[in-house]
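Descriptive analysis of the structure
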Amino acid sequence: MSSKGGSSGGGGGARVEIEKLSVEQLKAVKEQTDLEVNLLQDSLTNIRTATSRLETASNALHDLSLRPQGKKMLVPLTASLYVPGTLDDAEKVLVDVGTGYFIEMMNVAASVPYLYFPSLKTMVEGKDYCERKINLLKSNYDQLLEVATKKKNIADEAGAILQAKLKQLAPTP
């Protein structure tokens with residue numbers, strides 16, 4: 001067990017403190033850290049889901065920019081419901097960026113100067129937006145994963161010490 005305490009950076013002092021706690025305090029620490037780990041894991045799942053949706057949107061923008069006008073296609077209404085449609089104008093798209101917000105994106109860079117339509121986004125800007133958000137989410141994911149790992153180690157250590165203390169308190173026949 002001492003290898004666990006020595007393996008975490010600066011964890012040796014914390015291990016001594018955990019070992020000094022009473023059984024009730026150890027139970028409380030274990031329960032609290034388990035709860036925090038579960039919340040962090042839920043957040044990690046949400047970040048993975050958001051990253052996946054942004055990657056899908058970025059790929060869809062790329063694919064859509066390559067399709068010719070008048071092309072028959074399936075239009076997604078929900079994640080599992082598609083209806084047949086025809087591509088009327090590949091220059092204009094609505095991108096769902098989450099929480100009920102949509103961004104209209106236009107590929108106006110080739111035909112009309114961007115300065116005339118400052119509120120409109122080009123397909124390239126839409127893809128760049130998705131990539132920036134993906135990079136931000138991946139960075140947040142990495143940071144959150146590090147915190148979750150530390151919390152999990154604390155919960156595991158508290159559980160091991162709690163079991164050892166309970167074993168010591170148990171009467172031996």
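Residues numbered from 1 in each chain as written. Predicted model: local features only at pLDDT ≥ 70, side-chain atom pairs only at ≥ 80, totals over all residues. Heavy atoms only, no water.

1. Comments concerning the overall build of the chain
Assigned secondary structure in the chain consists of four helices and four strands. Counting from the amino terminus, helix and strand elements in the chain follow one another as α-α-α-β-β-β-β-α. Burial statistics for the chain: of 173 residues in total, 24% are counted as buried. Pairs at least 24 residues apart make up 54% of the contacts formed inside the chain by residues separated by at least 6 positions. For the chain, the accessible area works out to roughly 12,000 Å², and carbon and sulfur atoms hold 57% of it. (Helix = DSSP H or I, 4+ residues; strand = E, 2+ residues; numbered from the N terminus. Buried < 20%, exposed > 50% of the residue type's maximum accessible area, 1.4 Å probe, protein only. Contact = heavy atoms within 4.5 Å. Areas by Shrake-Rupley, 256 points an atom, 1.4 Å probe, with all protein chains shown as cover.)

2. As for the pattern of salt bridges
Think of it this way: side chains of opposite charge can pair up when their charged atoms draw near. In this structure the tally under the stated criterion is five salt bridges. Among the ionic pairs, D34 bridges to K30, the shortest N-O distance being 3.0 Å. Residue D34 and its partner K30 are both found in helix α3 (residues 23-66); the two are separated by four residues, about one turn of the helix. For D34, a relative accessible area of 29% puts it in the partly exposed group. Among the residues examined, K30 registers a relative accessible area of 23% and is labelled partly exposed. (Salt bridge = Lys/Arg side-chain N within 4 Å of Asp/Glu carboxyl O.)

3. Some words on a nonpolar patch on the surface
Judged by side-chain polarity, V75, L77 and L81 come together as a nonpolar surface patch covering roughly 250 Å² of accessible area. By the secondary structure assignment, L81 is in the loop between β1 (72-76) and β2 (82-86). (Patch = residues over 30% accessible without salt bridge, like charges linked within 9 Å, V, L, I, M, F, W, Y side chains within 5 Å.)

4. Focus: the pairing of β2
Direction of pairing for β1 relative to β2: antiparallel, over a ladder of five bridges. Pairing of P76 across the sheet is with Y82, part of β2. Connecting β1 to the next strand, β2, in antiparallel fashion are five residues. (Pairing = 2+ DSSP bridges.)

5. With respect to the confidence of the model for the chain
Per-residue confidence for the chain averages 78 on the pLDDT scale, and 76% of its residues sit at or above 70. Predicted confidence for residues 1-11 stays below pLDDT 50, and this span has nine contacts to residues more than four positions away or in other chains. Low confidence marks residues 108-120, where pLDDT is under 50. Its contacts with residues over four positions away, or in another chain, come to nine contacts. (pLDDT = per-residue confidence, 0-100.)

6. A word on the environment of K165
In this fold, K165 is placed in helix α4 (residues 123-169). Separated by 142 residues in the primary sequence, K165 and V23 have C-alpha atoms spaced 7.0 Å apart. Setting aside its immediate chain neighbours within four residues, K165 contacts E19, K20, L21, V23 and L26. A distance of 2.4 Å separates the side chain of K165 from the backbone oxygen of L21, its partner in a polar contact. (Polar contact = N/O pair within 3.5 Å; in protein donor to acceptor, adjacent residues only side chain to side chain.)

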